[in-house]
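# Observations on chain architecture
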Amino acid sequence: MNFAPRIGGFGGVKTIKYQLAITNYNYPFRQPLKTSHGEWKIREGIIISLKDAEGNISYGEIAPLPNFGSETLKQAQKFCSQYSQGITETEINQIPEQFPACQFAFESALAGFSAAKINEDHLQLSCLLPPGKDALKQWQIGWEKGHQTFKWKIGVFSLQEELSWFEQLLNLLPDSTQIRLDANAGLTLAEAKQWLTLADACGKVEFLEQPLPPQQFPMMLELATTFSTPLALDESVGTLRQLETCYENGWRGIFVVKCAIAGSPRYLQQLCEQYFLDLVFSSAMETSIGRQAALQLAMKLSSRRALGFGVDHWF
């Protein structure tokens, strides 16, 4: 696919200059989010606002995750600083792909002038559980909110401990639920096979997410054909460029898309129109501003899987 910037993606070339304002934020999690990458204690990002000539204001959010291939917060701040005198739609549509979180934020803000607010009450969401044995107690928080799908981080503690906790969790979860296992690229090939063997046997695992590091893509392709439990890519497809590369290299499994860092919503829509993608839309632990924009996009692209936005209890 040609990722060259398109001018006038929202109805032709526009010369309107929007006033830009930015506000940095720094929000601590209620408890640290532990993954195979380590502990994550604070969510940092930028809220942007665009103001048109009539005084209408629309917001967007830059919520970088450099570990997944996005720009850093400092790079995003520097990018925004060059538009202190305002930014046009043409300039928004020409934001380089090395600033995927900025692409998402500015395009979302531009679309937000005419977008209707999403009511989340009836959306099917996946509830993010804490890693380890804490999940054995906290799954009920999501269940009481109506969640039927749960996501559990693995590769954080020892394999034997996690396998034991997982079997306990399976006995606790109601029959109507399913679970997503997210390894955050933290497993060895042998460990991934053990998890997939257990997943195949229990029949309650929707998919195993990113068992191996992105550089071991050929091994994940092989795993995907060896076991019946589906695999999903996450770290391997942090940006749309990476997603398209994995597709071109043969991946036909599930793609986990963190809209806030993936890049241009226009390009994601183009990919979905060109390929039949099995998408899971997932939170990048953004604020309600980025979340609304991501849900707008998810609804537009009609994903059939539970949305990975059951994270309110972490803030």
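About the cut-offs
Residues numbered from 1 in each chain as written. Predicted model: local features only at pLDDT ≥ 70, side-chain atom pairs only at ≥ 80, totals over all residues. Heavy atoms only, no water. Helix = DSSP H or I, 4+ residues; strand = E, 2+ residues; numbered from the N terminus. Rg over C-alpha atoms; globule rule 2.2 N^0.38 Å. Buried < 20%, exposed > 50% of the residue type's maximum accessible area, 1.4 Å probe, protein only. Contact = heavy atoms within 4.5 Å. Lys, Arg positive; Asp, Glu negative; His and termini not counted. Charge placed at Lys NZ, Arg CZ, Asp CG, Glu CD. Core = buried A, V, L, I, M, F, W, Y, C linked by side-chain atoms within 4.5 Å. Phe/Tyr/Trp six-rings, centres within 6.5 Å; stacked < 30°, edge-to-face > 60°. Lys NZ or Arg CZ within 6 Å of the ring centre and 35° of its normal. Pairing = 2+ DSSP bridges. Axes fitted to C-alpha atoms, helices over the stretch in contact; angles between N-to-C directions. Expected span 1.5 Å × (residues − 1). Arc of directions from axis to C-beta. Salt bridge = Lys/Arg side-chain N within 4 Å of Asp/Glu carboxyl O. Polar contact = N/O pair within 3.5 Å; in protein donor to acceptor, adjacent residues only side chain to side chain.

### Thoughts on the overall build of the protein chain
- Secondary structure summary: the protein chain contains 11 helices and 12 strands in total.
- Computed over its C-alpha atoms, the radius of gyration of the protein chain comes to 20 Å, within 12% of the 20 Å expected for a compact globule of 315 residues.
- Along the three orthogonal principal directions, the C-alpha set of the protein chain runs to about 60 × 40 × 35 Å.
- The 315 residues of the protein chain split such that 54% are buried.
- Intrachain contacts of the protein chain at a sequence separation of at least 6 include 70% that bridge at least 24 residues.
- Looking at the protein chain, you have 27 positive and 32 negative side-chain charges, and the mean spots of the two groups are 3 Å apart.

### Focus: the nonpolar core
- Of all hydrophobic cores here, the largest spans 70 residues; its most connected members are Trp152, Phe166, Leu181, Trp195, Phe255 and Phe281.
- Dropping the residues within four chain positions of it, Phe255 is found in contact with Leu233, Val237, Leu243, Cys246, Tyr247, Leu277, Asp278, Leu279 and Val280.

### Considering the packing of aromatic side chains
- Scanning all chains against the criterion turns up 13 aromatic pairs.
- Taken together, Phe79, Tyr83, Phe99 and Phe106 form an aromatic cluster joined through their ring pairs.
- Above the ring of Tyr247, the side-chain terminus of Arg252 is found at 3.7 Å from the ring centroid.
- One residue, Arg266, lies across the ring of Tyr267, its end atom 5.1 Å from the ring centre.

### Re the sheet that holds strand 5 (residues 125-129)
- Spatially, 11-10-9-8-7-6-5-12 is the arrangement adopted by the 8 strands of the open sheet, whose pairing is parallel. Every interior strand has two partners, whereas the edge strands, strand 11 (278-281) and strand 12 (307-310), have only one. The sheet shows a mean angle of 35 degrees between the axes of neighbouring strands, taken without regard to direction.
- Taken together, the 2 bridges between strand 8 (residues 205-209) and strand 9 (residues 231-233) define a ladder with parallel strand orientation. What sits directly across from Leu208, in strand 9, is Leu231.

### What to know about helix 3 (residues 100-111)
- Relative to the 16 Å expected for 12 residues at 1.5 Å per residue, helix 3 spans 16 Å between its end C-alpha atoms, a close match to the ideal helical length.
- The element helix 3 is largely enclosed, with a buried count of 11 among its 12 residues.
- Where helix 3 is concerned, the buried positions are Pro100, Ala101, Cys102, Gln103, Phe104, Ala105, Phe106, Glu107, Ser108, Ala109 and Leu110.

### Structural notes on helix 7 (residues 217-226)
- Turning to helix 7, its buried residues number three or more, namely Phe217, Met220 and Leu223. Each buried residue of helix 7 sits inside an arc of 110 degrees when the element is viewed along its axis, so together they form one side. Among the exposed residues of helix 7, those oriented more than 90 degrees off its buried face are Pro218, Glu222, Thr225 and Thr226.
- Buried residues along helix 7 sit in contact with helix 6 (189-202), strand 9 and helix 8 (240-248).

### A closer look at the environment of Phe166
- On the secondary structure map, Phe166 appears in helix 5 (residues 159-172).
- Taking C-alpha positions, Phe166 is 36 Å from Tyr25, a pair spaced 141 residues apart along the chain.
- Filtering out sequence-adjacent residues up to four positions away, Phe166 remains in contact with Trp152, Ile179, Leu181, Trp195, Leu198, Cys202 and Val205.

### Things to note about the pattern of salt bridges
- Under the criterion given, the structure shown has 11 salt bridges.
- Between Lys153 and Asp182 there is a salt bridge, and its shortest N-O distance comes to 2.8 Å. Placement of the pair is Lys153 in strand 6 (residues 149-153) and Asp182 in strand 7 (residues 178-182), with a sequence separation of 29 residues.
- Residues joined by salt bridges that share partners form a network here, namely Arg180, Glu206, Asp278, Arg304 and Arg305.

### Some thoughts on the sheet that holds strand 4 (residues 87-88)
- Taking strand neighbours across the sheet as the criterion, the 4 strands line up as 3-2-1-4 in an open arrangement whose pairing is antiparallel. Among the strands making up the open sheet, the edge pair consists of strand 3 (57-62) and strand 4.
- Pairing geometry for strand 2 (residues 38-51) and strand 3, over 6 bridges, is antiparallel. Looking at the pairing, Ser49 lines up with Tyr59 of strand 3.

### A closer look at the side chain of Asp182
- Residue classification places Asp182 among the buried residues on the basis of a relative accessible area of 0%.
- At a separation of 2.8 Å, a polar atom in the side chain of Asp182 contacts the side chain of Lys153.
- Setting aside residues no more than four positions away along its own chain, Asp182 makes contact with Lys151, Trp152, Lys153, Ile154, Glu209 and Asp234.

### Remarks on the side chain of Asp278
- You can see Asp278 is positioned in strand 11.
- Asp278 sits in the buried class, given a relative accessible area of 16%.
- Among the polar contacts made by the side chain of Asp278, one reaches the side chain of Arg304 at a distance of 3.2 Å.
- In this view, Asp278 contacts Gly253, Ile254, Phe255, Arg304 and Arg305; residues no more than four positions away in its chain are not counted.

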